[in-house]
Amino acid sequence: MNIKPANSTPDEPLSKERLRLWLKLLKASNLVEEEIRRRLRAQHASTLPRFDVMSALSRAPEGLKMSEISKLLRVSNGNITGIVDKLTEEGFALRVSVPGDRRAHQVCLTERGKAAFADLAAAHESWIDEILGGLDLDDVLGMIQRLDHLTTSLEDH
């Protein structure tokens, strides 16, 4: 299937179409992210980085080192430290010393943190469902398939 967008010319190279695709992916991602950030602030007095840290910790019941959180989220240790400090102050996370390494700490969610994250995760899922509500099942499955193909292609590079 060779579909050309209405605003492209027959002589445009594939590189231009790939650039157009990248810009559209970026715009769509940014629009969704902006709305999620807005709703987290307005409805939960929270932030997306905080949500991301809690999400990472919720998937690791045994806890994660700060460096592991940084690596998972692809941000600096400094960014994570402030968020974990605040989560700890509020009783949502706990720092535990790592045996044999005086400088390292394992961070895990407390029961209170797990409950708070469960509420946030449920809200997040409903927001995504609402935001992407204009897509039917065929749209969603088709995009997932194509994005999986893109991800595989990028990882193979």
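Below or above, wherever it landed, is the structure these notes cover. (Residues numbered from 1 in each chain as written. Predicted model: local features only at pLDDT ≥ 70, side-chain atom pairs only at ≥ 80, totals over all residues. Heavy atoms only, no water.)

Right, let's talk about the overall build of the chain for a bit. Scanning the chain from terminus to terminus reveals six helices and three strands. Going residue by residue from the N terminus, the α and β elements of the chain occur as α-α-β-α-α-β-β-α-α. Expected size for 157 residues packed as a compact globule is a radius of gyration near 15 Å; at 20 Å, the chain overshoots this value by more than 25%. The principal-axis extent of the C-alpha atoms belonging to the chain is close to 65 × 35 × 25 Å. Here the chain holds 157 residues, and the buried ones make up 24% of them. Pairs at least 24 residues apart make up 46% of the contacts formed inside the chain by residues separated by at least 6 positions. Surface exposure of the chain reaches about 11,400 Å², of which carbon and sulfur atoms provide 56%. For the chain, the separation between the mean place of its 22 positive charges and that of its 24 negative charges on side chains is 6 Å. (Helix = DSSP H or I, 4+ residues; strand = E, 2+ residues; numbered from the N terminus. Rg over C-alpha atoms; globule rule 2.2 N^0.38 Å. Buried < 20%, exposed > 50% of the residue type's maximum accessible area, 1.4 Å probe, protein only. Contact = heavy atoms within 4.5 Å. Areas by Shrake-Rupley, 256 points an atom, 1.4 Å probe, with all protein chains shown as cover. Lys, Arg positive; Asp, Glu negative; His and termini not counted. Charge placed at Lys NZ, Arg CZ, Asp CG, Glu CD.)

Looking now at the environment of Ile69. Mapping Ile69 onto the fold places it in helix α3 (residues 66-73). Taking the C-alpha atoms as reference, Ile69 lies 7.1 Å from Val53; in sequence the two are 16 residues apart. Not counting residues up to four positions away in its chain, the partners in contact with Ile69 are Val53, Leu57, Leu64, Ile80, Val84 and Val107.

When the terminal C-alpha atoms of helix α5 (residues 111-131) are compared, their 30 Å separation across 21 residues agrees well with the 30 Å that a helix rising 1.5 Å per residue should span. Within the sequence span of α5, burial applies to Gly113, Phe117, Leu120, Ala123 and Trp127. Each buried residue of α5 lies within a common arc of 130° when the element is viewed along its axis, so the set occupies one face. Those residues of α5 that are exposed and aimed more than 90 degrees away from the buried face are Glu111, Asp119, Glu125 and Asp129. Buried residues in α5 make contact with α1 (14-44), α2 (48-58) and β3 (101-109). (Expected span 1.5 Å × (residues − 1). Arc of directions from axis to C-beta.)

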